[in-house]
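Chain and residue survey
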Amino acid sequence: MDKLRRLGLRARGEVPIAAWLILLVVFVTEYWWWHSRVKLWDGDALYYVAAALKFAGHSTDEALRQTGVFFHQEDTVERIRGTLTGIAGQPGAGAHNLEAPRFFYSFLAVPFVWVFGAKGIWIVSLLCAMGFLYVAMRLLTRLFDVQLALVLLVLYQIAYAFWFFQTGLYTESLAVLLIVLILTRLPLDRTTTRRDLLWIGVLLVVLAFTRQTVPVPAAAIVFAWLWTALRTKTWGRANVWSGPALVAAGVGIAAVGLVTVLFPFNELRHYSEVNHLGNVAYVKAHLGQTLGKIPGLVVDMFAREFRGAFAGDHGLQVLWLLTAAGIVWRFRSVYAAMVVGSALACAFLSVLDATGRTSLRYFVPMYPMALLLVADFWRSRDWSLRTLPSRPGPGTAGSEPPAPQPAARRTDAPTRPAAEPSTP
């Protein structure tokens, strides 16, 4: 019993039980509301479920059959056969190397698929979302305070983006959990050890095979190092971010390179096809003309993105507004550096996707850093109400001017020291 009690206290951390209960009630209530009313998946989810069924031991035909039944798309599920098998000539084969690297999410679903069938994959997203809230709550409480941590995580759960991407059938659910775990290993009011550096490298590799978002945490860490170096003029070991930045850059580049070698994907062809720029040969022959079109395409893409899901997601709007305010008011802080670096990486990944119909999906990995910045910004401001003293009414003691006091007499006599206490 004592051992269980110690484990419970250790798991609770610095967060009071009341705060955990509030966070749990909000999560359970919102989870039920969103999942009973909104379809929290899109076409990519078919591949993730089919891949999980194959990892669980089913044949390709059986995996496609069960996937079609699960999503009520029995007549159209064949469109992902090539995506699942990677065999040229089959429907969807061109997307295989884009989807196949994200196998870790489907792999984790295997035990639940064995027990519950295709619907078992929902449990992975549920556990990832709960794990994210748990780790983020403890991290924010350690760095700031429990009240601020609770308010921010409740605010984030108002956002549709949280429920859609972090509890729906998306690999972002696992990716964001991995990113917030990386944040716990960084030199944020703590010392980063060699063991922390090892964990950062391991988590980045797992992230590379969960979602192609390794540039996001890597850029956040490198920008934190650069920000600190410019402010403190420390570039070597004296800079506490040097170790994490070296690991993030080195392992990040290696992980992205490994994914590219194992699953080569022609980004130029994808970009030209999505934007109707012509085939690769035409783009290469008219490279200057094509490059001239890109700025307009990028602006139009982000305009579509922000007119889409962002316009109706009021919780996300508040988070973005507070994040922007934090960058302006706390631009000297390392949290601002992390957000700027991760936001640039997210924008780059969005441009590579090029569709403009992602509901700002590629910015989801940035939100853990944004929560840290908003907490830092909020703590740095003096939000106490400053009221002027009320004007006293007539006839009150305060309405009379103070009586003049006689001026102190000037004397050249030295000041007498105070009597010292007598000693026995």
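Residues numbered from 1 in each chain as written. Predicted model: local features only at pLDDT ≥ 70, side-chain atom pairs only at ≥ 80, totals over all residues. Heavy atoms only, no water.

As recorded in an unreviewed UniProt entry, the chain goes by the name Glycosyltransferase RgtA/B/C/D-like domain-containing protein, listed as coming from Catenulispora subtropica.

Notes on the UniProt feature "transmembrane region" (unreviewed entry) in the chain
Mapped onto the present numbering, the UniProt feature "transmembrane region" (unreviewed entry) falls on residues 15-34, 112-136, 143-163, 169-186, 198-225, 245-265 and 334-354. Spanning residues 143-163, this segment combines 86% helix with 0% strand, and its end C-alpha atoms are found 25 Å apart. In this annotation, residues 245-265 is assigned 86% helix and 0% strand; the end-to-end C-alpha distance for the span is 27 Å. (UniProt positions renumbered as here; feature names shortened; annotations may be inferred. Helix = DSSP H or I, 4+ residues; strand = E, 2+ residues; numbered from the N terminus.)

A few points about the side chain of Asp376
When you line up the elements, Asp376 lands in helix 22 (residues 367-380). With residues up to four places along the chain from it excluded, the contact list for Asp376 reads Phe144, Arg330, Ser333 and Tyr335. (Contact = heavy atoms within 4.5 Å.)

Re unusual backbone geometry
The backbone of His72 sits at a positive phi, close to 55 degrees, despite the residue not being glycine. Inspection of the secondary structure puts His72 in the loop between helix 4 (60-70) and helix 5 (81-85). We note that Ser359 has phi near 55 degrees; this positive angle belongs to a residue other than glycine. Topologically, Ser359 is positioned in the loop between helix 21 (334-353) and helix 22.

Let's talk about the pattern of salt bridges
This model, assessed by the stated rule, comprises 13 salt bridges. Of the charged contacts, one joins Arg361 and Asp42 as a salt bridge, the two residues approaching to 3.0 Å between their closest N and O atoms. Note that Arg361 is positioned in the loop between helix 21 and helix 22 and Asp42 in the loop between helix 2 (17-35) and helix 3 (44-55), a separation of 319 residues in sequence. Measuring nitrogen to oxygen at the nearest pair gives 2.7 Å for the salt bridge that ties Arg65 to Glu62. Of this pair, Arg65 and Glu62 both sit in helix 4, separated by three residues, roughly a single helical turn. (Salt bridge = Lys/Arg side-chain N within 4 Å of Asp/Glu carboxyl O.)

Some words on the packing of aromatic side chains
Applying the stated criterion across every chain yields a total of 30 aromatic pairs. Taken together, a centroid distance of 6.1 Å and an interplanar angle of 70 degrees make the contact between Tyr156 and Tyr367 edge-to-face. In this pair, Tyr156 sits in helix 10 (residues 146-158) while Tyr367 sits in helix 22, placing the two residues 211 residues apart along the sequence. Tyr156 gets classed as buried once you look at its relative accessible area, which sits at 2%. Ring-pair connections join several aromatic residues into one group, and the members of that group are Phe27, Tyr31, Phe132, Tyr156, Phe162, Trp163 and Tyr367. When the ring centre of Trp41 is taken as reference, the NZ or CZ atom of Lys39 above it lies at 4.4 Å. Positioned over the ring face of Trp329 is Arg381, at 4.4 Å from the centre of the ring. (Phe/Tyr/Trp six-rings, centres within 6.5 Å; stacked < 30°, edge-to-face > 60°. Buried < 20%, exposed > 50% of the residue type's maximum accessible area, 1.4 Å probe, protein only. Lys NZ or Arg CZ within 6 Å of the ring centre and 35° of its normal.)

As for helix 10
For an α-helix the count is 3.6 residues per turn, leaving residues at separations of three or four pointing the same way. Given a rise of 1.5 Å per residue, 13 residues ought to cover 18 Å, and the 19 Å separating the end C-alpha atoms of helix 10 matches this to within 8%. Of all the positions in helix 10, only Val146, Leu148, Ala149, Leu150, Leu152, Leu153, Leu155, Tyr156 and Gln157 are classed as buried. Against the buried residues of helix 10 lie helix 2, helix 9 (121-143), helix 11 (160-166), helix 20 (314-329) and helix 22. The distance from a side-chain oxygen at the start of helix 10 to the backbone nitrogen of Gln147 is 3.1 Å, and the residue carrying that oxygen is Asp145. (Expected span 1.5 Å × (residues − 1). Polar contact = N/O pair within 3.5 Å; in protein donor to acceptor, adjacent residues only side chain to side chain.)

Regarding the nonpolar core
Judged by nonpolar contacts, the single largest core of 121 residues is most densely connected at Phe132, Met137, Leu188, Met338 and Leu372. Counting residues per element, this core draws most heavily on helix 9, at 12 residues. Setting aside residues no more than four positions away along its own chain, Met137 makes contact with Val15, Ala19, Trp20, Leu23, Val146, Ala149, Leu150 and Leu153. (Core = buried A, V, L, I, M, F, W, Y, C linked by side-chain atoms within 4.5 Å.)

Side note on a nonpolar patch on the surface
Together, Ile17, Leu21, Leu24, Val28 and Met130 make up a nonpolar patch on the protein surface, roughly 440 Å² of accessible area in all. Of all the elements, helix 2 adds the most residues to the nonpolar patch, at four residues. Tracing the backbone shows Val28 in helix 2. Of the residues examined, Val28 reaches a relative accessible area of 47% and is grouped as partly exposed. (Patch = residues over 30% accessible without salt bridge, like charges linked within 9 Å, V, L, I, M, F, W, Y side chains within 5 Å. Areas by Shrake-Rupley, 256 points an atom, 1.4 Å probe, with all protein chains shown as cover.)

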